[in-house]
Amino acid sequence: MKQIALDGPAGAGKSTIAKRIAEKLQFVYIDTGAMYRTLALACLKQGVDTADEERVSMAAEAADLDIRYIDGSQHMFLEGEDVSGQIRTEEVSKAASDTSKFQRVRDRLVYLQQQLAEKYNVVMDGRDIGTVVLPHADLKIFMTASVEVRAMRRYKEYLEKGQACDLEAIKEDIMQRDYNDTHRANSPLRQAQDAVLLDTSDMSIDEVADAIIRLYEERN
Ligand code: DC
């Protein structure tokens, strides 16, 4: 099976690009952030304190989690309910940043992710895909963009969805999440040694997608 690993900080454009590449290459796009978000939502729904490692780990291990691909897009199910919309809120983003640092939460999801990669050709995006989940991926990309550019992209996404938002608050939140993701003890966000670094601050979606597909084709 073929594997493309796409890592980088929040808002670097990973999911947009990953979807585009998956479509072009006819691979399955696997959004691992959505999995961490779904387990965080399980904690919020049960009133579990997201700082309590033991209770979060127990809730994460017990959660009835399912991933389905409907018309080419990934849907997350929790206790039989499609929660794909519910996981895209600021509250869940913050909770996922807290709960994804716990090893037992990661162990459950990494196992799932590796199983998916055994069954399908995948483009998988996240924070630890090139370093932990798919260490032998055919191509590893580490995507970054400046904090300003990433905040503006998120801001526009929220506006398009009609959600109220504040650019400065989004920027603060991105910086906080960058700090959390890069400073945690378990699988921190970092570039794998053999990953190609792409700064997308001044690149269009098409340029980034084309660059990655070219790299993939050169190697295969
Ligand atoms: O990519 P995202 O914003 O949907 O991710 C949500 C949170 O999950 C984010 O705080 C980082 C964490 N995450 C992770 O630790 N490892 C991954 N492979 C993907 C996401």
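Data block above holds the structure.
Note on numbering: residues in each chain are counted from 1, in written sequence order. Side-chain atom pairs in this predicted model are given and counted only at pLDDT of 80 or more, local residue features only at pLDDT of at least 70, and totals for whole chains, interfaces and linings cover all residues. Side-chain figures throughout are based on the complete set of non-hydrogen atoms in the structure, without hydrogens or water.

Focus: the packing of aromatic side chains
Then step 1. Here the aromatic set is Phe, Tyr and Trp, taking the six-membered ring for Trp, and pairing holds for ring centres within 6.5 Å; pairs whose planes are under 30 degrees apart are stacked, those over 60 apart are edge-to-face, and all others are tilted. Applying the stated criterion across every chain yields a total of one aromatic pair.
Then step 2. Where F27 meets Y216, the ring centres are 5.8 Å apart and the plane angle is 85 degrees; that geometry is what we call edge-to-face. Of the two residues, F27 is situated in the loop between α1 (14–25) and β2 (28–31) and Y216 in helix α9 (residues 205–219); the sequence distance between them amounts to 189 residues.
Then step 3. Judged by relative accessible area, which is 13%, F27 ranks as buried.
Then step 4. Whether a charge lies above a ring is judged from NZ of Lys or CZ of Arg, which has to be within 6 Å of the ring centre and within 35 degrees of the ring normal. Cation over ring: R68 sits above F77, and NZ or CZ is 3.8 Å from the ring centre. Helix and strand assignments come from DSSP, with helices taken as H or I runs of at least 4 residues and strands as E runs of at least 2, each series counted from the N terminus. Classification of residues uses two cut-offs on accessible area relative to the type maximum, computed with a 1.4 Å probe and protein chains only: under 20% is buried, over 50% is exposed, and between them is partly exposed.

Considerations on the nonpolar core
Then step 1. Counting residues in hydrophobic clusters, the biggest one holds 33 residues, and the most contacted among them are M35, L39, M76, I87, V105, M124 and L134.
Then step 2. The set of elements that each furnish at least two residues to this core consists of α2 (32–45), α3 (53–62), β3 (65–70), β4 (73–78), α5 (103–119), β6 (122–126) and α6 (129–133).
Then step 3. Tallying contributions element by element places α2 first for this core, with seven residues.
Then step 4. To qualify as a nonpolar core, a set must consist of buried Ala, Val, Leu, Ile, Met, Phe, Trp, Tyr and Cys residues joined through side-chain atoms within 4.5 Å. By size, the runner-up hydrophobic cluster in this structure holds 20 residues, among which are I21, L139, I141 and M143.

A word on unusual backbone geometry
Then step 1. Positive phi is not limited to glycine here, since D71 has a value of about 50 degrees.
Then step 2. Structurally, D71 can be placed in the loop between β3 and β4.
Then step 3. Positive phi, normally seen in glycine, also occurs at E79, with a value near 50 degrees.
Then step 4. Inspection of the secondary structure assignment puts E79 in the loop between β4 and β5 (81–82).

The analysis is restricted to geometry; functional conclusions fall outside its scope.
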